[in-house]
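Inside the fold
These are the residues of each chain, in order.
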Amino acid sequence: METFWILLEQIGLFVIYILVGIILVKTRVLSQDTLETISRFVIKLALPVMIFANTIGGVDRDTLFQSAAILAYTVLMYILTFSVGRGLAVLFRLKGDRANVYNALAMFGNIGFMGIPIITSIYPENGMLYISVFTIIDQLTLWTVGVKLTTPSGQGKFNPRKLVNPSTVAIVLAVLFVMTGARMPALPETALQKIGATATPLAMIYLGGVFACMDIRRYIRFKEFYGIAVLKMLLFPLVFYRILGLFPMTAEIRLTMTLLTAMPSMSTIVMMAKSSGSEGDYAMGGIFITTVCSLITLPAVCWMLS
């Protein structure tokens, strides 16, 4: 039950940050331009720094080797979530680019902005390691399958250069530090930790600001978004937890992988869809509905597993 209350506390913080973002936009302290600046800061600096600093600060080489099996579990997870997304698209009779973007929304969860603070709060010693190993497959899948799904039909091509981004660089550097046993001096390590600590608050403030700029009533009526919330974010994690029980693993890894499947849709999908000209506004609606629903489904999943 302790895990449930830790998660509930994190959900409460998310709500506060989102409300702050809404208030700042409504009072014109923030505009759409400044929101995009915040987004770039989080994605290109704060989030990668958080991954790097938290990993080198609490992980040793033996623990890294013991967690390598997470790579296989992550592959299994994405095969299953892709199938769930495809099935839901057929169920709700979605076609073309909209069906593909919807599949991406169902497949990819908001690991960076919500998954990391939740898992590292529950498992402060090893949580960041599990996330880092998971992110290796996550980024590979996002910039291959994700690009294909969020690009207009017939245009999606894999670009290996997109795999080189601040997050993947942070993961590689962190793994090198752990493998070699290298340590950073105390002062810069503390500075990096403080910079990384800004990632989640700023990311959720950004989402709140984006929600404040949306015509929310337009997206509430899209039933397929609630399909993601019920099937992928609520029922699927419970089934996946049972599936993982068939494999030898620690209780920490099993719960971590399960909670990651319960995250709402990844906000990066919106950026990818908009940049390629494929259903960006529709993707934003999916982010809003699944994020709001996650305030209920995440505690519900954790409660049932507890």
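Residues numbered from 1 in each chain as written. Predicted model: local features only at pLDDT ≥ 70, side-chain atom pairs only at ≥ 80, totals over all residues. Heavy atoms only, no water.

**Side note on unusual backbone geometry**
A positive phi angle, close to 65°, is found at Arg-28, a residue other than glycine. Along the polypeptide, Arg-28 turns up in the loop between helix H1 (2-26) and helix H2 (32-58). (Helix = DSSP H or I, 4+ residues; strand = E, 2+ residues; numbered from the N terminus.)

**Quick notes on the state of the cysteines**
Scanning all chains against the criterion turns up zero disulfides. Unpaired in this structure, Cys-293 has its nearest cysteine sulfur neighbour in Cys-302, at a distance of 18 Å. Given the relative accessible area of 17%, Cys-293 is considered buried. (Disulfide = S-S within 2.5 Å. Buried < 20%, exposed > 50% of the residue type's maximum accessible area, 1.4 Å probe, protein only.)

**With respect to the pattern of salt bridges**
Think of it this way: side chains of opposite charge can pair up when their charged atoms draw near. Counted according to the given criterion, the structure contains three salt bridges. Glu-279 serves as the salt-bridge partner of Arg-98, at 3.2 Å between the closest nitrogen and oxygen. Taken together, the residues Arg-98 in helix H5 (residues 96-107) and Glu-279 in the loop between helix H14 (268-276) and helix H15 (280-305) connect sequence positions 181 residues apart. A relative accessible area of 30% places Glu-279 in the partly exposed class. (Salt bridge = Lys/Arg side-chain N within 4 Å of Asp/Glu carboxyl O.)

**Points about the confidence of the model for the chain**
When pLDDT is averaged along the chain, the result is 87, and 96% of the positions lie at 70 or above. When pLDDT is averaged over each helix and strand of the chain, the minimum, 74, is found for helix H3 (residues 61-66) and the maximum, 95, for helix H12 (residues 223-244). (pLDDT = per-residue confidence, 0-100.)

**Observations regarding the side chain of Thr-74**
Locating Thr-74 in the fold gives a position in helix H4 (residues 70-91). Exposure remark for Thr-74: the relative accessible area of 0% places this residue in the buried category. Each residue touching Thr-74, except ones within four places of it in the same chain, is listed here: Phe-134, Ile-137, Asp-138 and Met-257. (Contact = heavy atoms within 4.5 Å.)

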